[in-house]
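# Breakdown of the fold
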Amino acid sequence: MSVTGTSPSVLPGWLRAMRPRQWVKNVLVLAPVFPAGEQVGLDTLTGVGVAFVLFCLVSSAVYLVNDAKDVEADRAHPRKRFRPIAAGELSARTAVVLAAALAVVSLTGGLLWQPMLGVVLAVYLAIQLAYCFGVKHEPVLELACVASGFLLRMLAGGTAGDIPLSGWFLLTTAFGSLFMAAGKRYGEARRGELTGEPVRRVVQRYTTTYLRFVWTLAATVVVTTYALWAVEVLVPQSGTQLATLTVVPFILAVLRYAVDVDRGAAEEPEEIALHDKVLLVLALAWCGSLLLAVWL
């Protein structure tokens, strides 16, 4: 049975418990490559690829620990009860052993490739385990934990690829991460209001008005910091005003994603990334304009 319970899956339980569909989030490690320009070489691409693989392993370790810990609560949930551990396809003990193995492989691989990459992976693991074992019930702190995961992915890509990152770019990533995290919570809160389905404890402690304030604030900052990065860093680096044009598809993509957030459909960002065709076109337009600005 799949996670949704609507169709069978050909993947074994242990692999589905690692949530491979969530690995699309790890594509964020590629973010530093686009504005790097002539700095990108085979070593850079190899490093970013290594970071992607290692982040897939360590994030899956966190998912396994989280599902093993919450197995009883998941069994009472209308959708989460179909997860492999909750459904009895994979024992909690086996999941924890697999998680430990994945974490060791990921951290060891990171330290061997680039010591700072190992540090970034270790920080991610520590924050996410803290989230699993209590922080996820604390408003605001849990938002910071979720948002940090996106930021650390980008830092991992920059570290593994030996790509310097500007302050404006880091701020754009940080507040973009907060925007997505608040959107996830808003989507869950709206689903609870509309369907009556139970929502996690921390979501019950938020109001939709507060979450709307958070993602509106985050969207405002991310648009501002990206525009400043494009004008103050990318234009001098590329030597052409074409870089300022990247602001247009970027802002349109943020506004399009905000449509999904506003209607409460952003609970699963990876699903939006895969199925919102307009957002995909805008993202491709932004990537294309960014590459033209950097490489022309």
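Notes on the structure in this doc start here. In this numbering scheme, every chain counts its residues from 1 along its sequence in written order. For this predicted model, a pLDDT threshold of at least 70 governs which residues receive local features, and a threshold of 80 or more governs which side-chain atom pairs are given and counted, while totals over whole chains, interfaces and linings are taken from all residues. Neither water nor hydrogens contribute to the side-chain values; these are computed over all heavy atoms in the structure.

On to the overall build of the protein. Each helix and strand counted, the protein has 12 helices and 0 strands in total. Strands are runs of DSSP state E lasting at least two residues, helices are runs of H or I lasting at least four, and both sets are numbered from the N terminus onward. Seen in sequence order, the protein has helices and strands lined up from the N terminus as α-α-α-α-α-α-α-α-α-α-α-α. It is over C-alpha atoms that the radius of gyration is taken, and the globule rule equals 2.2 Å times the number of residues to the power 0.38. Scaling as 2.2 N^0.38, a compact globule of 296 residues should have a C-alpha radius of gyration of about 19 Å, and the protein matches this with 19 Å. Counting only C-alpha atoms and orienting by the principal axes, one finds that the protein spans roughly 60 × 45 × 35 Å. Burial analysis of the protein (296 residues in total) assigns 48% to the buried set. Remark: exposure states derive from per-residue accessible area (1.4 Å probe, protein chains only) relative to the maximum for the residue type, with buried under 20%, exposed over 50%, and partly exposed in between.

Another aspect to go through is the pattern of salt bridges. Within this document, salt bridges are pairs made up of a side-chain nitrogen of Lys or Arg and a carboxyl oxygen of Asp or Glu, the two lying within 4 Å of each other. The full count for this structure, using the stated rule, is 12 salt bridges. The partner of D70 in a salt bridge is K69, and the shortest N-O contact between them spans 3.9 Å. Given a relative accessible area of 16%, D70 falls into the buried group. Among the ionic pairs, D262 bridges to R212, the shortest N-O distance being 2.8 Å.

Our focus in this paragraph is the packing of helix α2 (residues 42-69) against helix α4 (residues 92-113). Close contact between α2 and α4 brings their axes to 8 Å; oriented N to C, the two are set at 155 degrees. Considering their axes alone, α2 and α4 lie roughly antiparallel with respect to each other. Considering only the axes of α2 and α4, their crossing is left-handed. Counted together, T46, G47, V50, L54, L57, V58, S60, A61, L64, V65 and A68 of α2 and A92, A95, V96, L98, A99, L102, A103, V105, S106, G109, G110 and W113 of α4 form the full contact between these two elements. Classification used: nonpolar for Ala, Val, Leu, Ile, Met, Phe, Trp, Tyr, Cys and Pro, charged for Asp, Glu, Lys and Arg, polar for all others including Gly. Here the contact of α2 with α4 is built from residues that sort into 17 nonpolar, 6 polar and no charged. Angles here are taken between N-to-C directions and fall from 0 to 180 degrees, while the axes themselves are lines fitted to C-alpha atoms, restricted in helices to the stretch in contact. Comment on the angle field: the value is read as roughly parallel under 35 degrees, roughly antiparallel over 145, roughly perpendicular from 65 to 115, and oblique elsewhere. In this scheme the crossing of two helices becomes right-handed for a clockwise turn of the near helix relative to the far one and left-handed for an anticlockwise turn of less than a right angle. Any two residues whose heavy atoms approach within 4.5 Å are treated as being in contact.

Let us now look at the layout of surface pockets. The calculated volume of the second largest pocket comes to roughly 1,200 Å³. Any residue with an atom within 4 Å of a point lines the site, the site being either a cavity, points on a 1 Å grid over the protein atoms alone where a 1.4 Å probe fits but cannot get out, or a pocket, an open set with protein on both sides within 12 Å along at least 5 of 7 lines. Lining the second largest pocket are 33 residues, and of these L28, M180, F250, A283 and W286 sit closest to its centre. Counting only elements with at least two residues in the lining of the second largest pocket, the list comes to α6 (141-160), α7 (167-195), α9 (208-238), α10 (247-262), α11 (269-275) and α12 (277-295). Class assignment for the residues of the lining of the second largest pocket results in 27 nonpolar, 4 polar and 2 charged. Grid points are joined across faces, edges and corners, and a volume is the space filled by probe spheres set on the points.

All right, on to the packing of aromatic side chains then. Between the rings of Phe, Tyr and Trp (Trp by its six-membered ring), a pair exists once the centres lie within 6.5 Å; its type follows the angle of the planes, with under 30 degrees stacked, over 60 edge-to-face, and the other angles tilted. The final tally for this structure, using the stated rule, is 11 aromatic pairs. Look at Y226 and W229: their rings are 5.4 Å apart centre to centre, the planes differ by 50 degrees, and that puts the pair in the tilted class. Of this pair, Y226 and W229 both sit in helix α9, 3 residues apart, which is roughly one turn of the helix. Residue classification places Y226 among the buried positions, given a relative accessible area of 2%. When its relative accessible area of 3% is taken as the criterion, W229 is described as buried. For the pair F250 and W286, a centre-to-centre distance of 5.9 Å together with 55 degrees between the ring planes defines the contact as tilted. Taken together, the residues span a long stretch of sequence, with F250 in helix α10 and W286 in helix α12 at a distance of 36 residues. The residues F250 and W286 share a single accessibility class, namely buried. A connected cluster of aromatic rings, assembled from ring pairs, spans F169, Y226, W229, F250 and W286. The aromatic ring of F150 is capped on one face by R153, whose charged end is 5.9 Å from the ring centroid. Geometrically, a lysine NZ or arginine CZ counts as sitting over a ring once it is within 6 Å of the ring centre and also within 35 degrees of the ring normal.

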